[in-house]
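Take a look at the letters that make up each chain.
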Amino acid sequence: TDDLDLTDYASGRVIYSLPGAPAFPVRLASEIFQRAQGHLPNKRLTLYDPTCGGAYHLVAIGLLHGAAIQAILASDADETMLPLAKRNLGLLSRDGMDRRAEELTALHEQYGKKSHAEALQSLARLRSQLDCFTPPQTKVFQANVLDQDAIQANLSGETVDLIFSDVPYGLM
């Protein structure tokens, strides 16, 4: 019910993006997560996305609701998306935020663009959210959502509490 300004989560601002990597609406992802969480035991959850793409919505959920998340597991059939997913989920750690700060600082120093300064301000606000919770563990792996054996082998005994996915659509 809060009217939140989610500009800090804009695709490509702090959270990494690539052409063809869609950005799931942050407000909708947050609402769906909270509604699902209300039906689950009151504990830190393990979240899994079997079609993660660049993991944009997973990092947004992780930053917004990190206190409720123990682990985020992510897989995709497209191996070209996995490095982006790893970089994005890396933003849920201080080291990942520090690396992103270095990148954005270098861009700002090189080009002096207002958008880079604004991205650094967003990064500072997002980084401060990490002080409010223990960062979730993350794991990214390649697996086709239709290949149960590959998924089970990579989950290696993990108990998944919630599957949250932006299912691929369109002509692929």
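Before any of the text, the structure's been laid out above.
Everything numeric in this text was worked out from a predicted model, so none of it was measured.

Within the largest apolar cluster, 42 residues are counted, with the highest numbers of intra-cluster contacts made by Tyr9, Phe33, Leu47, Leu58, Leu63 and Leu89. Counting only elements with at least two residues in this core, the list comes to helix H1 (26–37), strand E1 (45–49), helix H2 (56–65), strand E2 (69–76), helix H3 (82–90), helix H4 (94–111) and helix H5 (114–129). Looking at this core, the element that brings in the most residues is H2, giving six residues. The residues touching leucine 58, leaving out its near neighbours within four places in the chain, are Leu47, Asp49, Cys52, Ile72, Ala74, Leu89 and Phe164.

This part is about H4. Note that an α-helix has 3.6 residues per turn; residues three or four places apart therefore point the same way. In this model, H4 (18 residues) spans 25 Å end to end at C-alpha, consistent with the 26 Å of a helix rising 1.5 Å per residue. By the burial criterion, the buried members of H4 are Gly96, Met97, Arg100, Ala101 and Leu104. Down the axis of H4, the smallest arc covering the buried residues is 135 degrees, so these residues share one side. In H4, those exposed residues whose orientation departs by more than 90 degrees from the buried face are Asp95, Glu102, Glu109 and Gln110. Where H4 is buried, its residues contact H2, H3 and H5. Phi turns positive, to about 60 degrees, at glycine 112, one or two residues after H4.

The rules behind these values
- Residues numbered from 1 in each chain as written.
- Predicted model: local features only at pLDDT ≥ 70, side-chain atom pairs only at ≥ 80, totals over all residues.
- Heavy atoms only, no water.
- Core = buried A, V, L, I, M, F, W, Y, C linked by side-chain atoms within 4.5 Å.
- Buried < 20%, exposed > 50% of the residue type's maximum accessible area, 1.4 Å probe, protein only.
- Helix = DSSP H or I, 4+ residues; strand = E, 2+ residues; numbered from the N terminus.
- Contact = heavy atoms within 4.5 Å.
- Expected span 1.5 Å × (residues − 1).
- Arc of directions from axis to C-beta.

In short, geometric facts, not functional conclusions.
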